[in-house]
Amino acid sequence: MMLSKRLSSRTGLHAPSLLRCSGTVTRGVHPQRRLSSAFAPSSLAGVRELLKVSDEVAHAVANNKPVVALESTIYTHGALGNELAREHSDLVRSYGGVPAIIAIVDGVPKVGASTEEIVRMIESGSAVKASRRDIAYIVGMGLAGRKIHGGTTIAGTMLLARLAGIRVFGTGGLGGVHRGGEDSMDVSADLTELGRTRVAVISSGCKGFLDIPRTLEFLETQGCHVSTFADGRSGKVDFPAFWARDSGVKSPSVVYSEKEAAAIILAQEKLGIESGLLFANPIPEKFGIPAPEMQTAIELAVNEANEKGFTGSTNTPYILNRLKELTGDKAVVANKALVTANITRATNIAVELSRLLSGSEQATISNTYPISSNKQLTSKPKQADSASERESKADILVAGSVAIDLSCDYSTPKSGDVSPVLNTSNPACISQSIGGVGHNVALAAHLVSQQARVRLCSLVGDDIAGSAVLNGLKAVGLDTTYIRQLGHEYHTANRTAQYVAVNDANKNLVMAMADMGIFSHHSFPEYWKSAVSGTKPKWLVVDGNWSEKDIRAWLKAGQDHDCKVAFEPVSTAKSMNLFCPQKGHPLLRVFPAPTVDIASPNSYELTAMYSAARENGYFDTPEWFDTIDAFNIRGGARDRFVRLTSGELTDSGVPVQSIQLLPYIPTLVTKLGSQGVLLTTVLGHDDPRLKDRDSEQYILTRALRDHPSVGGVYMRLFPSAEKVEHVVSVNGVGDTFFGVLISGLAQGGKVENLIDVAQKGAVLTLKSREAVSPDLNRLEKDLGIAAAL
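Reading guide: rules and limits
- Residues numbered from 1 in each chain as written.
- Predicted model: local features only at pLDDT ≥ 70, side-chain atom pairs only at ≥ 80, totals over all residues.
- Heavy atoms only, no water.
- Helix = DSSP H or I, 4+ residues; strand = E, 2+ residues; numbered from the N terminus.
- Buried < 20%, exposed > 50% of the residue type's maximum accessible area, 1.4 Å probe, protein only.
- Contact = heavy atoms within 4.5 Å.
- Areas by Shrake-Rupley, 256 points an atom, 1.4 Å probe, with all protein chains shown as cover.
- Phe/Tyr/Trp six-rings, centres within 6.5 Å; stacked < 30°, edge-to-face > 60°.
- Salt bridge = Lys/Arg side-chain N within 4 Å of Asp/Glu carboxyl O.
- Pairing = 2+ DSSP bridges.
- Axes fitted to C-alpha atoms, helices over the stretch in contact; angles between N-to-C directions.
- pLDDT = per-residue confidence, 0-100.
- Parallel < 35°, antiparallel > 145°, perpendicular 65-115°, else oblique.
- Left-handed = near helix turned anticlockwise from the far one by under 90°.
- Core = buried A, V, L, I, M, F, W, Y, C linked by side-chain atoms within 4.5 Å.
- 1 Å grid on protein atoms, 1.4 Å probe; cavity = no way out; pocket = protein on both sides within 12 Å on 5 of 7 lines; lining within 4 Å.
- Points joined across faces, edges and corners; volume = space filled by probe spheres on them.
- Expected span 1.5 Å × (residues − 1).
- Polar contact = N/O pair within 3.5 Å; in protein donor to acceptor, adjacent residues only side chain to side chain.

Chemist: Any details on the overall build of the protein? Residues and values, ideally.
Modeler: Within the protein, the secondary structure is distributed over 31 helices and 27 strands. Across the 789 residues that make up the protein, the buried fraction comes to 56%. Relative to all contacts within the protein whose residues are 6 or more apart in sequence, the contacts with residues 24 or more apart total 76%. Carbon and sulfur atoms form 52% of the exposed surface of the protein, whose accessible area is close to 33000 Å².

As structure tokens, this is what we get:
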């Protein structure tokens, strides 16, 4: 009786996961919360006995991590199956998910089959297709001593995925109602599985030679939800036809982002609706085959199949092989591209769903950081202007740190000392917020302009701080798609970054301690590439918290996708990572095709970068000498430096160090605190400032007239925007400056026209307890005007 009551009280939010995992039983989450009410106790016992789930998948399911089911028929019954199995598994991991290849190996149903097992199945040459109807037969034969391999179809994969608690499944093309199916009753088992098994399937619609209107009608009758990703389109959106983006049949509904799809999956689950969901993902445009061309080939192949008597299970293989012959390599290339796109989309959905599940007990959106002050952000939530803006594209992608910031402001005792005392406890006012250089730059760019689409790519741990960061980013409207959360499988430095600043009574930094090991100890270069290729930003901002290897990987990704690249040095020590020893790293290119377009160091970071570049041989290359010679700086340079800056700055070495670094970073914006900002930039030989009277006073030198790329050097000292008498916090001031500047550059502005507005943003942060002032939106109009000049 107690067991019956317990079963009836279940919510159905979790599928069975007390399953045999690599020969053991997985525990750690209360079984009542993990077993679906769809399964009776006797069937649960059978599932536990027969279904084998890998430790990695079981752990991920139990902890609501992003898991993506992958069918095995595509490998066991397709060309290059062993290569694709590895490629697809790596693809899921590169986007932050856990791959779960599903197959029946030696008569044992496995969720999380290894690529080695898939290779063994392929090499055996005896693997059969395993749909729902076949699973009991194959497993039963295994129990009887006859070991059979089974490559699971969409229906078979859905069933086993559901038993293991996996919610998302990425595949190629769905089966459907065959032409003439109203008479032949030739209807794919995929459709009935979608009517009774709650798994979200991401596919490129169904194959174009099927009866698409009847397929959609059948799915409606089965109670399966169907949505198509808009993929940049608005208005009427067709349900895709596998190789073609459009089928001529309107999709029942449309989704614009992975987050929307994840929300639908979560709603279906919480409501206990047991039917499946189909999210149709149109083939990437450049790989799609035009519908008229494809339709001609389809009609020929279908007619031939009918004439030759290929029906039932032989129909689809014949038509597919014939289409391959008729279209040449087009269909093969399209097949591979669409599966890759679908698995990528499925992983992104799984990541979003994991985030929703982890925060489902909390408020979804608020106007404050969960662990920061109660001051509300005054900016309005951003609204997408079109369907395409709701997709993954970005104007600015910031690749950098996000951290929990602790700011410790010394409270002046009666003695009147302004500095804390060493080797003892000091009275202080301690505040918490979400910070990190990358986060601060991204947030500043986001808040200062409703027009700029900003993405942050970073790492957090699977800990309380990581959850707080993710919730905080969502609260201010920053997209979290590319925030990768490292689970316990990453044993080294998997903690969310933390930064502790100790300030004196005047809010000046005395000392800071930073635990940023998560960024220097973990490297995911394929993930960095996918972030850049997925967002296609105008500007890529890379901060110095990454390892030397990862900084170069980010720069290479930006270079490969024609992004403008900005480097934020972070600190004197980390600023040197840009000019690390060159052996084994992609080379830094010089003007006129530099790897880095702009950097914003303070004077200390500038000196550190200069020293690292000199010591590691960057000033010894022929390319550097050619550019320096082109600047045409001869005698009297000191007098010109003093005239354009000051004697103090010149003696400190700031102007000459800037000139030495210009070949590698052709625009340097050096932050000088109360002395303002020094802009030093290379002018191309056609730059209009070389002929502008107002700019003449800032021309440090002109290049020789016959030089093909260099026209001269522009150096200009901007005075500080405002003298702030009552500083609240210096934390994040430089990051705010750079974020506002990059936001203006993304709008097409020129650096010299944006510096004053960027300084105003920095002043607002000086007056705020936040690492980035929530009042930056007050500068949106000023920034727009400056960017238009």
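Chemist: Lay out the packing of aromatic side chains with the relevant residues and their values.
Modeler: Summed over all chains, the structure comprises 16 aromatic pairs. Ring geometry for Tyr618 against Tyr664: centres 5.6 Å apart, planes inclined by 85°, an arrangement best described as edge-to-face. Of this pair, Tyr618 sits in the loop between helix H23 (603-615) and helix H24 (622-631) while Tyr664 sits in the loop between helix H27 (654-661) and strand E24 (667-671); the two residues are 46 residues apart in sequence, bridging distant segments of the chain. Its relative accessible area of 0% is what places Tyr618 among the buried residues.

Chemist: Describe the pattern of salt bridges, with residues and values.
Modeler: Following the criterion strictly, the structure yields 32 salt bridges and no others. Of the charged contacts, one joins Asp238 and Lys236 as a salt bridge, the two residues approaching to 2.3 Å between their closest N and O atoms. Because the salt bridges share partners, they merge into one network encompassing Asp231, Arg245, Glu258 and Arg345.

Chemist: Tell me about the sheet that holds strand E18 (residues 483-486), residues and numbers included.
Modeler: Adjacent strands of a sheet form backbone hydrogen bonds with each other and so pair up, either parallel or antiparallel. Taking strand neighbours across the sheet as the criterion, the ten strands line up as E18-E17-E14-E21-E22-E23-E24-E25-E27-E26 in an open arrangement whose pairing is mixed. Each edge of the open sheet is held by one strand with a lone partner, namely E18 and strand E26 (699-702). Of the strand pairs in this sheet, strand E22 (residues 564-568) and strand E23 (residues 598-599) are connected by two bridges, and their pairing is parallel. Of the residues in E23, the one forming a bridge with Ala566 is Ile598. Across the sheet, helix H21 (residues 548-560) is in contact with strand E14 (396-399), strand E17 (454-461), strand E21 (539-543) and E22; its angle to E21 comes to roughly 175°. Sheet contacts for helix H30 (residues 751-766): E23, E24, strand E25 (677-684) and strand E27 (710-718); angle to E27, the most-contacted strand, approximately 20°.

Chemist: Run through the confidence of the model for the protein, naming residues and quoting values.
Modeler: Model confidence for the protein is summarised by a mean pLDDT of 84, while 85% of its residues fall at 70 or above. Below a pLDDT of 50 lies the segment residues 1-42, which in the model reaches 86 contacts outside its immediate sequence neighbourhood of four places, other chains included. Note on residues 360-391: pLDDT under 50 across the span, and 67 contacts to partners over four residues away in sequence or across chains.

Chemist: Before we move on, could you go through the pairing of strand E5 (residues 98-105) and cite the residues and values that matter?
Modeler: Of all eight residues in E5, eight are buried; the element is thus mostly enclosed. The alternating pattern of E5 places Val98, Ala100, Ile102 and Ile104 and Pro99, Ile101, Ala103 and Val105 on opposite faces, both of which are buried. When strand E4 (residues 67-70) meets E5, the two strands line up parallel, connected through four bridges. Bridge pairing in E5 places Val67 opposite Val98. Relative to strand E6 (residues 108-111), E5 is paired through four bridges, and the arrangement is antiparallel. Note on E6: the bridge partner recorded for Ile102 is Val111. In textbook terms, the turn of a hairpin is the stretch between consecutive antiparallel strands, and for E5 and E6 this stretch comprises two residues, one of which, Asp106, has a positive phi near 55°. As defined by bridge partners, E5 adjoins strand E8 (residues 150-152) across two bridges and the pair is classed as antiparallel. Residue Ala103 lies in a different strand from E8, and its bridge partner there is Gly151.

Chemist: So, the packing of helix H20 (residues 525-535) against H21: which residues are in play, and what are the values?
Modeler: The interhelical angle for the contact between H20 and H21, taken along N-to-C directions, is 30°, at an axis separation of 9 Å. By the criterion of interaxial angle, the relationship of H20 to H21 is roughly parallel. For the pair H20 and H21, the crossing hand works out as right-handed. Where H20 approaches H21, its residues Pro525, Trp528, Lys529, Ala531 and Val532 are matched on the opposing element by Asp550, Ala553, Trp554, Ala557 and Gly558.

Chemist: Would you mind going over the sheet that holds strand E20 (residues 509-515) in detail, with residue names and values included?
Modeler: Taken together, the four strands give an open sheet; going across it, the order is E16-E15-E19-E20, and neighbouring strands pair in mixed fashion. Here the strands that pair on one side only, and so sit at the sheet edges, are strand E16 (428-435) and E20. Ignoring which end each strand starts from, the neighbouring axes of this sheet average 15° apart. Where strand E15 (residues 403-410) and E16 come together, eight bridges link them in antiparallel fashion. From the neighbouring strand, Asp405 faces E16, where its bridge partner is Ser433.

Chemist: Talk me through the nonpolar core; I want residue IDs and the actual numbers.
Modeler: Nonpolar side chains tend to gather and get buried jointly when the protein is soluble and globular. Membership of the largest hydrophobic core comes to 65 residues, with the highest contact counts inside it found for Trp554, Leu578 and Phe579. Sequence-distant contacts of Trp554, defined by excluding residues within four places in its chain, comprise Leu397, Ala399, Cys457, Trp528, Ala531, Val532, Leu540, Val542 and Trp546. In this structure, Ala452, Leu456, Ala465 and Ala566 belong to the second largest nonpolar core, which totals 61 residues.

Chemist: Go over empty space enclosed by the protein with me, naming the residues and quoting the values.
Modeler: In total, this model carries four cavities of 30 Å³ or more according to the counting rule given. Of the volumes computed, that of the second largest cavity is approximately 100 Å³. At the level of secondary structure, the elements contributing two or more residues to the lining of the second largest cavity comprise helix H4 (55-62) and helix H16 (329-358). Tallying contributions element by element places H16 first for the lining of the second largest cavity, with four residues.

Chemist: Summarise H23; cite the residues concerned and give the values.
Modeler: Given a rise of 1.5 Å per residue, 13 residues ought to cover 18 Å, and the 18 Å separating the end C-alpha atoms of H23 matches this to within 8%. Among the residues of H23, Glu605, Leu606, Ala608, Met609, Tyr610, Ser611, Ala612 and Ala613 are the ones counted as buried. Looking at the buried side of H23, the elements it contacts are E22, helix H22 (572-575), H27 and E24. Capping of H23 at its N-terminal end is provided by Asn602; its side-chain oxygen lies 3.0 Å from the backbone amide nitrogen of Tyr604. Taken from the residues just after H23, Gly617 is the one with a positive phi, measuring 85°.

Chemist: How would you summarise the environment of Pro284 if you had to cite specific residues and measurements?
Modeler: As for its position among the elements, Pro284 is in the loop between strand E13 (277-280) and helix H14 (291-308). For the pair Pro284 and Asp231, spaced 53 residues apart in the sequence, the C-alpha separation amounts to 8.7 Å. With residues up to four places along the chain from it excluded, the contact list for Pro284 reads Arg245, Ala337, Leu338 and Ala341.

Chemist: A description of the packing of H30 against helix H31 (residues 780-788) should follow, citing residues and the corresponding values.
Modeler: Between H30 and H31, the shortest axis-to-axis distance is 8 Å and the interhelical angle comes to 165°. The pairing of H30 with H31 is recorded here as roughly antiparallel in orientation. The two elements H30 and H31 meet at a crossing, and its hand is left-handed. Together, Asn753, Leu754, Val757 and Lys760 of H30 and Asp782, Leu783, Ala786 and Ala787 of H31 make up the contact between the two elements.

Chemist: Lay out unusual backbone geometry with the relevant residues and their values.
Modeler: Omega for the bond connecting Phe591 with Pro592 falls within 30 degrees of zero, at 20°, which places this linkage in the cis form. Its location among the elements puts Pro592 in the loop between H22 and E23. Phi is positive for Lys536, which is not a glycine, with a value near 45°. Among the secondary structure elements, Lys536 is positioned in the loop between H20 and E21. Positive phi values are uncommon outside glycine, yet Asp562 reaches one of about 55°. Within the secondary structure, Asp562 sits in the loop between H21 and E22.

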